[in-house]
Amino acid sequence: MVHISRICFRKYGNFLDNLRLYVRGGCGGMGLPRLGGQGGNGGDVWVVAGKSLTLKRVSDKHPRKRFAAGTGSNSSVRALKGEKGQDVEIRAPVGITITTDDGKKLGDLNIDGDRVLVAKGGSGGSFYSRFEPSKGQVRHIRLDLKLIADVGLVGFPNAGKSSLLTAMSSATPQIASYAFTTLKPELGKLMYRDHKQISVADLPGLIEGAHLNKGMGHKFLKHVERTKQLLFVVDVCGFQLASKTPFRSAFEAIQLLTKCSSREELLSKPALLVVNKMDLPDAEDKLAELKEQLEKPGEFSSLLPEDMIPKDQLTFRHVIPVSAATGFGIDHLKTRIRESLDEDAETANRAIHAEKLRALEHYSRW
């Protein structure tokens, strides 16, 4: 049995999922020609993973976002071999991918203590460089969280995602009768009585054409990529984004959301479907109609323009009807979220165990 407690969500304003930094390795020290002395190498700049850190804390602690390592010592009569310049360590959270501005991957911080060299110091002056030192590497780097949440809420504006969060928790997200009430993701923790925690991200509301990078499409895709599972939220009665856009049924909304998530790595993510606003008139009839359409999506694809029909269809593990307004189905939804994540974790553990067994069998033959 899954025991559920309340969830507390914190605003995205106190959260960063990416950070751009300037880093510079130290210059090497001067050599000493008359005695053949070698200058010290410049210091290096490292990014080091640490516990209980966030990118927001890194940004607040280093508002200039500039890091420069020390210069190597010059060679001298007293010390022919100059000392290396002081290294600089940038403490960052676990779960970070580090890239350069041009997209080159420098490394990952997967566990506490992982280190990635981001700017190497210059060499000290020596016989081979005519005793002239070299400058250290200079570059801009990007720190990106690989995973912002276990579950990402996906839906068009006014699908009821913010209301759903309110029903699931003590949070008070911005809710209004107009579109685009969620302009930035909100993050939170779903807490269970056995101390299990599930992180949830309410992702920004989409607009039609997000798959073409209209609106916040590219940001949406970036956030979705960083969740383990997706929780699609649709209005059982459909929606109309604006007076100039056509009315879309719940089935059409799902097709458009699928189109917006059309990258292969996104379609392969486990997904659940939440059909919200079941307190509205004729909701049960519309839910039955939606389930029929989901069973045979090809037969109903003609409802959409050809350029909006997804190439591949999403398969939902569960379809969960709820009413954020009345609380109907909320506890069942929380249970399904937990079960789905536990199922994936168990599958992953079995795969790891099987791989270890194969490795043992391989070595035993030798």
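Further up the page is the structure itself.
Predicted model only: the values in this text are computed from it and were never measured.

Peer 1: Would you mind going over empty space enclosed by the protein with me for this structure?
Peer 2: In this approach a probe as big as a water molecule rolls over the atoms, and the regions it shows empty are the leftover space. Under the counting rule described, the total for this entry stands at one cavity of 30 Å³ or more. Empty space within the largest cavity amounts to approximately 40 Å³. Together, Phe 156, Pro 157, Asn 158, Ala 159, Val 233, Val 234, Asp 235, Phe 239 and Ala 253 line the largest cavity. It is strand E13 (residues 227–235) that provides the largest number of residues to the lining of the largest cavity, a total of three residues. Taken together, the residues of the lining of the largest cavity sort by class into seven nonpolar, one polar and one charged.

Peer 1: I'm lost on the packing of aromatic side chains in this one. Help?
Peer 2: Both the distance between ring centres and the angle between the ring planes are used here to describe each pair of aromatic rings. What the rule picks out here adds up to four aromatic pairs. With a centroid separation of 5.0 Å and an interplanar angle of 25°, the aromatic rings of Phe 156 and Phe 239 are classed as stacked. Of this pair, Phe 156 sits in the loop between strand E10 (149–154) and helix H2 (161–168) while Phe 239 sits in the loop between E13 and helix H4 (250–260), placing them 83 residues apart in sequence. Across the pair, exposure class does not vary: Phe 156 and Phe 239 are buried alike. Between Phe 251 and Phe 300, the ring centres sit 6.1 Å apart and the planes meet at 70°, which makes this aromatic pair edge-to-face. Of this pair, Phe 251 sits in helix H4 while Phe 300 sits in helix H7 (residues 297–300), placing them 49 residues apart in sequence.

Peer 1: For this particular structure, what's the right way to read a negative patch on the surface?
Peer 2: On the surface, a cluster of negative charge is made up of Asp 282, Glu 284, Asp 285, Glu 289, Glu 292, Glu 295 and Glu 299. The greatest single-element share of the negative patch, amounting to five residues, is contributed by helix H6 (residues 283–295). Inspection of the secondary structure puts Glu 292 in helix H6. Judged by relative accessible area, which is 47%, Glu 292 ranks as partly exposed.

Peer 1: Whenever I open this one, the sheet that holds strand E5 (residues 88–93) confuses me. Can you help?
Peer 2: Paired through backbone hydrogen bonds, the strands of a sheet run either parallel or antiparallel to each other. Taken together, the three strands give an open sheet; going across it, the order is E5-E3-E8, and neighbouring strands pair in mixed fashion. The open sheet has two edge strands with one neighbour each: E5 and strand E8 (115–119). Neighbour to neighbour, the strand axes of the sheet diverge by 30° on average, direction disregarded. Taken together, the four bridges between strand E3 (residues 45–50) and E8 define a ladder with antiparallel strand orientation. Looking at E8, one finds that Trp 46 is bridged to Leu 117.

Peer 1: Please explain unusual backbone geometry as it appears in this structure.
Peer 2: One can expect most non-glycine residues to show negative phi and most peptide bonds to be in trans. Positive phi is not limited to glycine here, since Lys 65 has a value of about 60°. One can find Lys 65 in the loop between helix H1 (55–61) and strand E4 (66–68). You will see that Asp 282, though not glycine, has its phi angle at about 65°, which is positive. Checked against the element boundaries, Asp 282 lands in the loop between strand E14 (271–276) and H6. Judged by its relative accessible area of 53%, Asp 282 falls in the exposed class.

Rules used in this analysis
Residues numbered from 1 in each chain as written. Predicted model: local features only at pLDDT ≥ 70, side-chain atom pairs only at ≥ 80, totals over all residues. Heavy atoms only, no water. 1 Å grid on protein atoms, 1.4 Å probe; cavity = no way out; pocket = protein on both sides within 12 Å on 5 of 7 lines; lining within 4 Å. Points joined across faces, edges and corners; volume = space filled by probe spheres on them. Helix = DSSP H or I, 4+ residues; strand = E, 2+ residues; numbered from the N terminus. Nonpolar A, V, L, I, M, F, W, Y, C, P; charged D, E, K, R; others polar. Phe/Tyr/Trp six-rings, centres within 6.5 Å; stacked < 30°, edge-to-face > 60°. Buried < 20%, exposed > 50% of the residue type's maximum accessible area, 1.4 Å probe, protein only. Patch = residues over 30% accessible without salt bridge, like charges linked within 9 Å, V, L, I, M, F, W, Y side chains within 5 Å. Areas by Shrake-Rupley, 256 points an atom, 1.4 Å probe, with all protein chains shown as cover. Salt bridge = Lys/Arg side-chain N within 4 Å of Asp/Glu carboxyl O. Lys, Arg positive; Asp, Glu negative; His and termini not counted. Charge placed at Lys NZ, Arg CZ, Asp CG, Glu CD. Pairing = 2+ DSSP bridges. Axes fitted to C-alpha atoms, helices over the stretch in contact; angles between N-to-C directions.

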